[in-house]
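Per-entry structural report
So the chains spell out like this:
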Amino acid sequence: MDLFDEDLPRKILPRDGEAVYFGPLCDTKKADAYFTALMREVDFQPDRVRLYGREIITKRKVAWHGDAPYAYTYSHNTKTAAPWTPALAALKRLVEAKDGHRYNCCLVNLYHSGAEGMAWHADDEKELRAGAAIASVSLGAERRFVFRHKAQRDKAEIRLAHGSLLVMRGATQTHWEHSLPVMKRVVQPRINLTFRLIDG
């Protein structure tokens, strides 16, 4: 994708919230360096989620970092934030300079290939400040990212490029769900960072 695409930033949603795709935050060489640094610095662990009364250990791995040891609960599983790593702190500064919002924590997801995805959900947990922006940085394999309106069920889709930034804000989590569909032809890994603002 052209770093100077005239169509960027691009609004993805037609109503009831705002999702803005900024495109790449940096050039490919720098994005590669961030990916390598995160693989080295972050202590990724299998995620545990509860579905229909059963605890499932996911192939996707996660880590939770923040300004303080914030507790964050989703899918009946509570995590305590570890301190920022150097690469996470650098990416946080880059994102805040780009979109003008402040963040104090980050959920980091490692998808080993396109065989791993994320089901429909909204980032609306009680710990998160209502209406606050959530900034999603993608590193690695390009993947589809799909929004679905909770009431009308219509959809909007974007492909998230290596090194790119997508910001969800306003009423997005109230009215829309999002998912990362499985793409079995994708064999490369992807790291996704979702910077958030938690009321600690």
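Residues numbered from 1 in each chain as written. Predicted model: local features only at pLDDT ≥ 70, side-chain atom pairs only at ≥ 80, totals over all residues. Heavy atoms only, no water.

1. A few points about the pattern of salt bridges
This is how it is decided: By definition, a salt bridge exists where a carboxyl oxygen of Asp or Glu is found within 4 Å of a side-chain nitrogen of Lys or Arg. Each helix corresponds to a stretch of at least 4 residues labelled H or I by DSSP, and each strand to a stretch of at least 2 residues labelled E; elements are numbered beginning at the N terminus. Residue burial is assigned from relative accessible area. The probe radius is 1.4 Å, only protein chains are included, and a residue is buried under 20% of its type maximum, exposed over 50%, and partly exposed in between.
Applying the stated criterion to the full structure yields 15 salt bridges. With its nearest N and O atoms 3.2 Å apart, the salt bridge here joins Asp47 to Arg60. Here the residue Asp47 occupies a position in strand β3 (residues 45-51), and Arg60 occupies one in strand β4 (residues 54-66), the gap between them amounting to 13 residues. This pair shows no difference in class: Asp47 is buried, exactly as Arg60 is. Lys92 serves as the salt-bridge partner of Glu96, at 3.1 Å between the closest nitrogen and oxygen.

2. As for the sheet that holds strand β10 (residues 143-149)
Selection criterion: Two strands are said to pair when DSSP picks up at least two bridges between them. All axes here are fitted lines through C-alpha atoms, helices being fitted over the stretch that makes contact, and every angle between N-to-C directions spans 0 to 180 degrees.
The 4 strands lie next to each other as β8-β13-β10-β11, forming an open sheet whose pairing is antiparallel. Here the strands that pair on one side only, and so sit at the sheet edges, are β8 (118-121) and β11 (155-160). Taken over all neighbouring pairs, the strand axes of this sheet differ in orientation by 15° on average, direction set aside. As paired elements, β8 and strand β13 (residues 176-180) share 2 bridges and run antiparallel to each other. In the strand pairing of β13, Met118 is matched with Leu180.

3. A closer look at the nonpolar core
Selection rule: Definition of nonpolar core: a set of buried residues of the types Ala, Val, Leu, Ile, Met, Phe, Trp, Tyr and Cys, connected through side-chain atoms within 4.5 Å. Two residues form a contact once any of their heavy atoms are found within 4.5 Å.
The biggest cluster of nonpolar side chains holds 30 residues, and the ones touching the most others in it are Leu38, Leu139, Ile191, Leu193 and Phe195. For this core, the secondary-structure elements that each account for two or more residues are β2 (18-24), α1 (28-41), α2 (86-99), β7 (105-111), β9 (134-140), β12 (164-169) and β14 (190-196). For Leu193, the contacting residues outside a window of four places in its chain are Leu38, Leu88, Leu91, Cys106, Leu107, Val108, Ala135, Ser136, Val137 and Leu139. Judged by nonpolar contacts, the second largest core, of 27 residues, contains Trp64, Ala156, Leu160 and Trp176.

4. A word on the side chain of Lys92
As for its placement among the helices and strands, Lys92 is situated in helix α2. When residues no more than four places from it in sequence are discounted, the contact partners of Lys92 are Asp67, Trp84, Tyr103, Asn104 and Phe195.

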